[in-house]
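Below, each chain spelled out in residue letters.
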Amino acid sequence: MKIPFVDLHAQYLSIKDEIDKAIAEVIAESAYIRGPHVDAFEDAWAKTLGVKRCVSCANGTDAIYIALRGLGLKHGDEVITSAHSWISTSETITQAGGRIVFCDTDEETFTIDPEDIQRKITPATVGIIPVHLYGQPADVDPIMAIAKRHNLWVIEDCAQAHLARYKGQYVGTFGDAATFSFYPGKNLGAYGDAGCIVTNDNRLADWMSTFARHGGKGDHIMEGVNSRMDGLQAAILNAKLSHLHTWTEARCRVAAHYDNLLEKVGDVITPEVSAGRDHVYNLYVIRTENRDVLKEYLEEAGISTVLSYPKALPFYPAYAYLGHSPEDFPAAYFNQARILSLPIYPEINDEMIHYVAECIGSLFLEETPGMGRQAEKVAPYLWSTS
Ligand SMILES: Cc1ncc(COP(=O)(O)O)c(C=O)c1O
């Protein structure tokens, strides 16, 4: 059986008529750049989250950059962020003129460790970018408390966490601003690049909107950037938005199913979700000491998996100049060799989930004969075909 890591075509087929209609409308109206579909999506996304404003832009990376500029980042300002994320979270700090200060993560949830944030604050610190990684909210309360105590702004990186909730409240509604990516594989994904910033601050929203559009149309009150959501992406996102709650529930069901099946497999740690946090499983990330062997084994069995991410950010060549060593981020370093993202998407079916779990179980039977009976129980598929 072949199991892709994500299956965007299956999702398209499930709502083909709506998507085709949305695309045809944009073409009929020639509403390619901004226009009514973009305005409608900005309104709809702000309303969904319960925030005052949504400023659309070209992608989730630009969203962070634009928010940093909007919050007035100056040369040499320090911004604290997570050692375990996609590089957009940190590269934008440098690009906006700031200095990155990485923090370690909680070993179980992969989200930024508030105690390490506290330790890293200096007189040059101006803000914090927590990441709601893989779809699980960061520990928002202590982060916001630290920010308040030290007069720092907070930008939530919600690229992987559409509709995730912390103590019942949507992520993206806690910080001074929050950024989203609508990259195709995200929980709400366009058919190309797209992103946005949300905020309750009207002045900030106006500034970011102007900055993202060359600093003003017809009257350039400043130099800006060209970062626009296009009409096709907005129309597609509008069509998909009405399905997002259902798809999110489906992702949670898939995750619960994996949790159940893999609980019986020794050597695999399933995702840990902290109390009060609603995970939306953009990624389902397990941990195992035998990660590389397992990845190869699953690949041979037709199952695509991904490393999210192969290294913690401070250990990439791009950040060699910071001179960090593994002891600086023990949890992020420990996890980087153990994490493996399994296929998860709303359309994956029970048979596929069973197959993935059975293959994992069967590997550990081969690797560790001592756990034979356990693995035999969870790996009937391979047993019956080998
Ligand atoms: C945590 C995180 N932040 C930011 C981004 C950037 O989003 P985009 O790819 O839309 O630029 C991503 C995208 O993968 C991400 O995962």
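Read on for an overview of the structure.

### Comments concerning helix H4 (residues 60-70)
Side chains of residues three or four places apart in an α-helix project in the same direction, reflecting 3.6 residues per turn.
Move 1: Taken together, the buried positions of H4 are Gly60, Ala63, Ile64, Tyr65, Ile66, Ala67 and Leu68.
Move 2: Where H4 begins, the capping side chain belongs to Asn59, and its oxygen is found 3.0 Å from the backbone nitrogen of Thr61.
Move 3: Immediately downstream of H4, the backbone of Gly72 shows phi near 80°, a positive value.

### Quick notes on the packing of aromatic side chains
Move 1: Considering all chains together, one arrives at 17 aromatic pairs under this definition.
Move 2: For the ring pair Tyr65 and Phe211, a centre distance of 6.2 Å and an interplane angle of 40° mean the geometry is tilted. Of this pair, Tyr65 sits in helix H4 while Phe211 sits in helix H8 (residues 202-211), placing them 146 residues apart in sequence.
Move 3: Over the ring of Phe334 we find Arg338; its NZ or CZ atom is 3.6 Å from the centre of that ring.

### Brief notes about the pairing of strand E4 (residues 125-129)
Where a strand is regular, its side chains alternate between the two sheet faces.
Move 1: In terms of burial, E4 is largely enclosed, as four of its five residues are buried.
Move 2: As paired strands, strand E2 (residues 78-82) and E4 are joined by four bridges and run parallel to one another. In the strand pairing of E4, Ile80 is matched with Ile128.
Move 3: Of the strand pairs in this sheet, E4 and strand E5 (residues 153-157) are connected by two bridges, and their pairing is parallel. Considered in E5, the bridge of Ile128 is made with Val154.

### Describing helix H7 (residues 140-149)
Move 1: Taken residue by residue, H7 has Val140, Ile143, Ile146 and Ala147 as its buried positions. Each buried residue of H7 sits inside an arc of 130° when the element is viewed along its axis, so together they form one side. For H7, the exposed residues lying more than 90 degrees away from the buried face are Lys148 and Arg149.
Move 2: Among the residues trailing H7, Asn151 stands out with phi positive, at a value near 55°.

### Digging into the pairing of strand E9 (residues 195-199)
Move 1: Extensive coverage of E9 is indicated by the burial of five of its five residues.
Move 2: Burial of the side chains of E9 extends over both faces: Gly195, Ile197 and Thr199 are buried on one face and Cys196 and Val198 on the other.
Move 3: Taken together, the five bridges between strand E1 (residues 53-57) and E9 define a ladder with antiparallel strand orientation. Directly across from Arg53, in E9, lies its bridge partner Thr199.
Move 4: Note: strand E8 (residues 177-181) against E9, four bridges, orientation antiparallel.

### Things to note about the site of the ligand
Move 1: With respect to spatial proximity, 14 residues lie near the ligand, and among them Gly60, Thr61, Asp157, Ser181 and Lys186 are the closest.
Move 2: Contact distances for the ligand include 2.5 Å between an oxygen atom and a side-chain N or O atom of Thr61.
Move 3: Within the contact set of the ligand, an oxygen atom lies 2.7 Å away from a side-chain nitrogen or oxygen of Lys186.
Move 4: In isolation the ligand exposes 390 Å². Once the protein is present, 91% of that is buried.

### Concerning the side chain of Arg277
Move 1: You can see Arg277 is positioned in strand E10 (residues 277-278).
Move 2: Despite its burial, Arg277 remains without a salt bridge, the nearest opposite charge being carried by Asp139 at 4.0 Å.
Move 3: Once you skip the residues sitting within four places of it in the chain, Arg277 turns out to touch Thr109, Thr111, Gln136, Pro137, Ala138, Asp139, Arg165 and Tyr166.

### Here we look at the side chain of His132
Move 1: Relative to the helices and strands, His132 resides in the loop between E4 and H7.
Move 2: Looking at His132, the relative accessible area reads 1%, which means it is buried.
Move 3: At 2.9 Å, the side chain of His132 and the backbone nitrogen of Ala138 are in polar contact.
Move 4: Residues in contact with His132, not counting those within four places in the same chain, are Pro137, Ala138, Val140, Glu156, Asp157, Cys158, Gln160, Ala161 and Val171.

### Considering the pattern of salt bridges
Move 1: Scanning the entire structure with this criterion turns up 15 salt bridges.
Move 2: With a shortest N-O distance of 2.8 Å, Arg287 and Glu108 are connected by a salt bridge. Placement of Arg287 in strand E11 (residues 284-287) and of Glu108 in the loop between strand E3 (99-103) and helix H6 (114-120) is noted, with a sequence separation of 179 residues between them.
Move 3: Since its relative accessible area comes to 4%, Arg287 is described here as buried.
Move 4: Classification of Glu108 by relative accessible area gives partly exposed; the value is 31%.

### Re the state of the cysteines
Move 1: Taken as a whole, this structure holds zero disulfides when the rule is applied.
Move 2: Cys196 supplies the cysteine sulfur nearest to Cys57, a cysteine that is in no disulfide, at a spacing of 6.8 Å.

### Description of the sheet that holds E3
Move 1: As summarised here, the arrangement of the seven strands in space is E1-E9-E8-E5-E4-E2-E3, forming an open sheet in which the pairing is mixed. What marks the edges here is a single partner per strand, and that holds for E1 and E3. Strand-to-strand twist of the sheet, defined as the mean angle between neighbouring strand axes without regard to direction, takes the value 25°.

Reading the values: the criteria
- Residues numbered from 1 in each chain as written.
- Predicted model: local features only at pLDDT ≥ 70, side-chain atom pairs only at ≥ 80, totals over all residues.
- Heavy atoms only, no water.
- Buried < 20%, exposed > 50% of the residue type's maximum accessible area, 1.4 Å probe, protein only.
- Helix = DSSP H or I, 4+ residues; strand = E, 2+ residues; numbered from the N terminus.
- Polar contact = N/O pair within 3.5 Å; in protein donor to acceptor, adjacent residues only side chain to side chain.
- Phe/Tyr/Trp six-rings, centres within 6.5 Å; stacked < 30°, edge-to-face > 60°.
- Lys NZ or Arg CZ within 6 Å of the ring centre and 35° of its normal.
- Pairing = 2+ DSSP bridges.
- Arc of directions from axis to C-beta.
- Near = heavy atom within 4 Å.
- Areas by Shrake-Rupley, 256 points an atom, 1.4 Å probe, with all protein chains shown as cover.
- Lys, Arg positive; Asp, Glu negative; His and termini not counted.
- Salt bridge = Lys/Arg side-chain N within 4 Å of Asp/Glu carboxyl O.
- Contact = heavy atoms within 4.5 Å.
- Disulfide = S-S within 2.5 Å.
- Axes fitted to C-alpha atoms, helices over the stretch in contact; angles between N-to-C directions.

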